[in-house]
Each structure stands twice: as structure tokens, then as C-alpha cells.
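Examination of the molecular architecture
The primary structure of each chain is shown beneath.
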Amino acid sequence: MKAMNKKIAVIRGDGIGPEIINQTLNILDKIAEKYGHVFSYSDVDMGGIAIDRWGEPLPDKMLDICKESDSVLLGAVGGEKWNSVPGHLRPEKGLLKLRAGMGAYSNNRPAKIWPQLASASPLRKEIVDKGIDFIIVRELIGGVYFGEHRSETVNGTRYASDLMIYSEKEIERICRIGFETARKRRKTLCSVEKSNVLDSSRLWKKVVHEIASDYPDVMLSDMLVDNCAMQIVKDPSQFDVIVTENMFGDILSDEASMITGSIGMIPSSSLGDGTKGVYEPIHGSAPDIAGRDLANPIGTILSAAMMLKYSFGMIDEADSIENAVSDYLDAGYRTADIMPRTDEERKNCIFVGCSECGKLIADLIK
Ligand code: NAD
């Protein structure tokens, strides 16, 4: 591939965000050096840090930097310090504004177990041995997170409501991504909703079946979200691609991350109709370990690999990063979150912190 210039908006955010992003940028620099690309980074304040500096979680001028870039790399936002600010100013509102502003309606979260980490899964060995390799395609800019939020007091009693609303167009475009994703994999799509209770889910189910005839090569099934939560721990090998709405996808993807070993390992991409995307690990700002060099940066590093592959078309470069992560795990290096549970297994592992982990992976890029 010929050398390219790419502009990347970098959001370090709060908590462990700066630590994991710094390691990831070192790795991107290594890739740039090896393949002759130029990556230029623009810092963007979002989350708590933006509230402190600018009085709001994502000022328009910061969003503009993201829109003008070729893609966005994001650490994580949020923390105790900003938990008491009014709802519309919460750090997470910055995230929602970013996703909506970038038109990134499709969130892609792989749940794949690294063979080296099989013993870190909380599931029984016989379940893990059947294989865990599926993708959750989550609708990202609609549903209850974006519907009207109301709080009021009537006759001395406090009420609050959040509106879950979807149009057929919003459902159709994300379900098409689900079908297309399944087409590139094992051609099995599971649509997850709550159609026994919710009207928005009944519309979801109708629409996904209406468009299914355009994808005769993909086998479509339906599953209620509560059953899906159960099946993910009972027999995750049954899933190939899951497509679901925003909140269900948020919850199920955290569950899926845990069965693969650690939330710190899972990357994600969020894309709209073009090639620009937002790339971030699926975890939050982990305030409990922030500033202690304990975070696992691999979810962010693998998010950068996804950015190279899906937004920049740099397949070899992305593979280089993934191979380096695999070599790092093969060598037995482990951050605290993926340390095996038994003393016996731990004997073959070397404990490392966040910065050491990033340095080792950068050194392993061949
Ligand atoms: P969290 O994902 O931050 O942490 C959950 C647990 O996982 C913690 O024990 C944490 O130490 C651990 N963990 C997370 N990432 C890790 C990593 N890379 N390496 C090692 N361990 C890791 O979720 P939470 O505690 O519910 O939320 C903390 C803050 O993050 C809150 O303010 C929340 O709103 C915010 N949040 C932000 C995002 C985002 O920025 N995309 C997503 C979720 C939560």
C-alpha cells in the first residue's frame, strides 16, 4: 500500500483514558514509521476534562475537529467528580453528542476469545472450548438513550421517564449492517429485541423480517433480550452476528466482554454511511485503577487496529498490530485484569503495567 497521510482526532478523556491512549499512539507511531505513513493527531477535550475546561462535555469547536478528521480515537470519559453535574452536562453526554455528530449509527463489538486467555474466562472450560467468536452490531444513535428524558414532581411524588423511540428507517439501516456483517462471516444473524412487551421491539421485528428477503443467504433468527443474556453465558458458540437496539446492545456487549476474559481486551468501531469512524475500547474510565499504571490498553490498541482496517483500508498494518498482541500474550505477559486465577497457571505469566504492556506490544510489531 502506498504511504498515506491521515488526520486522527484523539480524545484522551478521563480516568484511565490518557494512559491507554498514550500507549496506543506509540503503537500507531511505530506503524507509521514501518509503513511510511504520516498520522497527525489533534487533541480533543471531551468528558469531565471538557466540563472543567470549557463548561460542557463536548464543545462544538471540539466536535468540529472530530468531523474534520479522518477518524476519531477515543479513550474513555466519566468519573465520580462529575456525577453530580446536571444530566445534560454529564461527561457521557459528550459521547452521545460525538456519536450523533459523526452520524455513527452502527457500533460493532467483537466478542472473541483469545486462545491464550481461555482460562481467564469465568465460563466453564467445556463451554469455552466450543468457541466464542461473535459480533454484536448495536444501534448507536437512537432508542432510549436519545429519546426525551423527563423528571417531574407531581403532588409531592417524583417521576422520571425516558422515551424509547425508533423509526423504521433507523431500524432498517442498522439491520442491513447486521445482514452485511453476517454475510462476511458464518451467515447467521440473530435479531434481539423485547417484542413480547415493547412496541418499539415489535416494529424492529417486523422491519428486520421485511428486509430479510434481500439476504437469502443469511439465516435470520429472533431472540428476546432476556433469553439472549442467558444464552450468552450458557452457549455463546451459537452466535455469529447479533443485531440489536442501543440499550440492549450496551448491556449485552458488556456481558459478552466478560466471558472473553476481560472488558479491557475488547475494541469497538462506530461507523455511519462513510468511512469516518469513532474507535474506542468498550470499557469506561475505570476510576478505581486510574493513575496507577494498572489499566489494560489492549482494547484501545485493537480499536486503533480496527481504525486502520475499516476506515483507512490498511489491512497489513492492522494485522501487524493484532499479531503483536498475540505474540505478547504468547510470551505470557499479563496486566492484572487478565492474570489467571490459579497459582499454577500464574507461574507462567509475567505481570506488567499499562506502560510496559504498550511498550512490549510496540516492540513486537514486525
Ligand atoms: P468501567 O468499564 O470503567 O469499569 C468496570 C470495571 O472494569 C472496573 O473494575 C475497572 O477497573 C475495570 N476495567 C475497565 N477497563 C479496564 C481496563 N482497560 N483494564 C483493566 N481493568 C479495566 O465501568 P464503570 O466503573 O461502570 O464506569 C466508570 C466510569 O466510566 C463512569 O463514569 C461511567 O459513566 C464511565 N463510562 C464511560 C464509557 C465510555 O467512555 N465509553 C463507557 C462506560 C462507562
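Since this is a predicted model, take the numbers as computed values, not measurements. All residue numbers refer to positions counted from 1 along the written sequence of the respective chain. Restriction of local features to residues with pLDDT of at least 70 applies here, the model being predicted, together with a cutoff of 80 or more for giving and counting side-chain atom pairs; totals for whole chains, interfaces and linings are based on all residues. The side-chain quantities take in all heavy atoms of the structure and omit both hydrogens and water.

Helix and strand definitions follow DSSP, with helices as H or I runs of at least four residues and strands as E runs of at least two, each counted in order from the N terminus. Looking only at helices and strands, the chain has 13 helices and 14 strands in total. Taken along the three principal axes of its C-alpha coordinates, the chain extends 60 × 50 × 45 Å. Counting all 366 residues of the chain, 52% fall into the buried class. Residue contacts follow a heavy-atom distance rule, with two residues in contact if any of their heavy atoms lie within 4.5 Å. When contacts within the chain are restricted to residue pairs at least 6 apart in sequence, long-range pairs at least 24 apart make up 75% of them. Roughly 16100 Å² of accessible area belongs to the chain as shown, and the carbon and sulfur atoms make up 52% of that amount. Neither His nor the chain ends is counted toward charge; the positive residues are Lys and Arg and the negative residues Asp and Glu. Charge coordinates come from a single atom per side chain, which is NZ of Lys, CZ of Arg, CG of Asp or CD of Glu. Here the chain contributes 44 positively and 54 negatively charged side chains, and the mean placements of these two sets differ by 1 Å. Think of it in three bands: with a 1.4 Å probe and only protein chains considered, a residue is buried below 20% of the maximum accessible area for its type, exposed above 50%, and partly exposed in between. Using the Shrake-Rupley algorithm and a 1.4 Å probe, accessible areas are obtained, with residue cover drawn only from the displayed protein chains.

On to the environment of Glu356, then. Turning to its location among the elements, Glu356 is positioned in helix α13 (residues 354-363). Under the relative-accessibility criterion, Glu356 is labelled partly exposed at 40%. In this structure the C-alpha to C-alpha distance between Glu356 and Ile141, which are 215 residues apart in sequence, comes to 36 Å.

On to the pairing of strand β3 (residues 71-76), then. Strand residues, when the strand is regular, have side chains that alternate between the two faces of the sheet. Within β3, six of the six residues are buried, which leaves the element mostly enclosed by the surrounding structure. In terms of strand pairing, strand β1 (residues 5-13) meets β3 through five bridges, oriented parallel. By the bridge assignment, Val10 is partnered in β3 with Leu73. Strands qualify as paired when DSSP identifies two bridges or more between them. Here β3 runs beside strand β12 (residues 277-281); their pairing, made up of two bridges, is parallel.

This paragraph deals with the side chain of Glu19. You can see Glu19 is positioned in helix α1 (residues 17-35). The term salt bridge refers to a side-chain nitrogen of Lys or Arg lying within 4 Å of a carboxyl oxygen of Asp or Glu. Of the side chains with opposite charge, Arg292 comes closest to the buried, unpaired Glu19, at an N-O distance of 8.7 Å. When near neighbours in sequence (up to four residues on either side) are disregarded, Glu19 contacts Ala290, Gly291, Arg292, Asp293, Leu294 and Cys354.

The subject of this paragraph is the site of the ligand. Being near a molecule or strand, for a residue, comes down to having at least one heavy atom within 4 Å of it. Surrounding the ligand, one finds 20 residues, the nearest of these being Val77, Glu92, Gly284, Ala286 and Asp288. Throughout this description, a polar contact denotes any pair of N or O atoms lying within 3.5 Å of each other; where both atoms belong to protein, one of them has to be capable of donating a hydrogen while the other can accept it, and for residues adjacent in sequence the pair is counted only when both atoms sit in side chains. Here Gly79 contributes a backbone N or O atom positioned 3.2 Å from an oxygen atom of the ligand. Here a nitrogen atom of the ligand sits 2.9 Å away from a polar atom, N or O, in the main chain of Asn296. Burial of the ligand by the protein chains amounts to 69% of its free accessible area of 810 Å². For the shell around the ligand, the class distribution of residues is nine nonpolar, seven polar and four charged. By the convention adopted, Pro, Cys, Tyr, Trp, Phe, Met, Ile, Leu, Val and Ala count as nonpolar, Lys, Arg, Asp and Glu as charged, and the other residues, Gly among them, as polar.

Overall, mixed pairing links the 10 strands, which are arranged β2-β1-β3-β12-β11-β4-β5-β10-β8-β9 in an open sheet. A strand with exactly one partner marks an edge of an open sheet, and here the two such strands are β2 (38-43) and β9 (219-224). Geometrically, the sheet is characterised by an average inter-axis angle of 25° between neighbouring strands, direction not taken into account. Across five bridges, strand β11 (residues 267-271) lies against β12 in antiparallel orientation. If you follow Ser269 over to β12, its bridge partner there is Tyr279. Axis geometry follows a simple rule: fit a line to the C-alpha atoms, using only the stretch in contact for helices, then measure angles between N-to-C directions, giving values from 0 to 180 degrees. Helix α3 (residues 60-68) contacts β1, β2 and β3 of the sheet and is inclined by roughly 145° relative to β1. Against the sheet, helix α9 (residues 246-259) makes contact with β4 (106-112), β5 (133-139), β8 (188-193) and β10 (241-244), and its axis sits at roughly 155° relative to β5, the strand it touches most.

Let us now look at the pairing of β2. With six bridges connecting them, β1 and β2 associate as parallel partners. Bridge pairing in β2 links Ala9 to Ser42. A right-handed crossover is one whose linking path, passing over the helix from the first strand to the second, runs clockwise when the strands point away from the viewer. A crossover connection joins β1 to the parallel β2 through α1; in handedness this β-α-β unit is right-handed.

Before going further, it helps to examine the packing of aromatic side chains. Ring pairs are drawn from Phe, Tyr and Trp, using the six-membered ring of Trp, whenever the two centres fall within 6.5 Å, and their geometry is named by plane angle: stacked under 30 degrees, edge-to-face over 60, tilted for the rest. For the structure on display, the rule yields five aromatic pairs. When the centroid spacing of 5.7 Å and the interplanar angle of 50° are considered together, the rings of Phe134 and Phe239 count as tilted. A residue pair is termed long-range when its members are at least 10 positions apart, and Phe134 in strand β5 and Phe239 in the loop between α8 (225-234) and β10 qualify at 105 residues. In this structure Phe134 comes out as buried when scored by relative accessible area, which is 0%. The exposure class of Phe239 is buried, given its relative accessible area of 3%. Ring geometry for Tyr166 against Trp204: centres 6.0 Å apart, planes inclined by 70°, an arrangement best described as edge-to-face. Of this pair, Tyr166 sits in the loop between β7 (157-162) and α6 (168-183) while Trp204 is found in helix α7 (residues 199-212), placing the two residues 38 residues apart along the sequence. Comparing Tyr166 with Trp204 shows no difference in burial state: the two are buried. Sitting over the face of the ring of Tyr105, Arg173 holds its NZ or CZ atom 4.0 Å from the ring centroid. By the criterion adopted, a ring carries a charge over it if an Arg CZ or a Lys NZ lies within 6 Å of its centre and within 35 degrees of its normal.

Attention now moves to empty space enclosed by the protein. Within this scheme a cavity is a closed region of a 1 Å grid, computed over the protein atoms alone, that accommodates a 1.4 Å probe without allowing it to escape, whereas a pocket is open but has protein on both sides within 12 Å along at least five of seven lines; lining residues each have an atom within 4 Å of a point. Grid points are joined across faces, edges and corners, and a volume is the space filled by probe spheres set on the points. Counted under the stated rule, the structure contains three cavities of 30 Å³ or more. In this model, the largest cavity occupies a volume close to 40 Å³. For the largest cavity, the full set of lining residues is Met164, Tyr166, Val192, Glu193, Ser200, Ser201, Trp204, Glu245 and Phe248. Per-element accounting of the lining of the largest cavity gives the leading share, three residues, to α7. A class-by-class count of the residues in the lining of the largest cavity yields five nonpolar, two polar and two charged.

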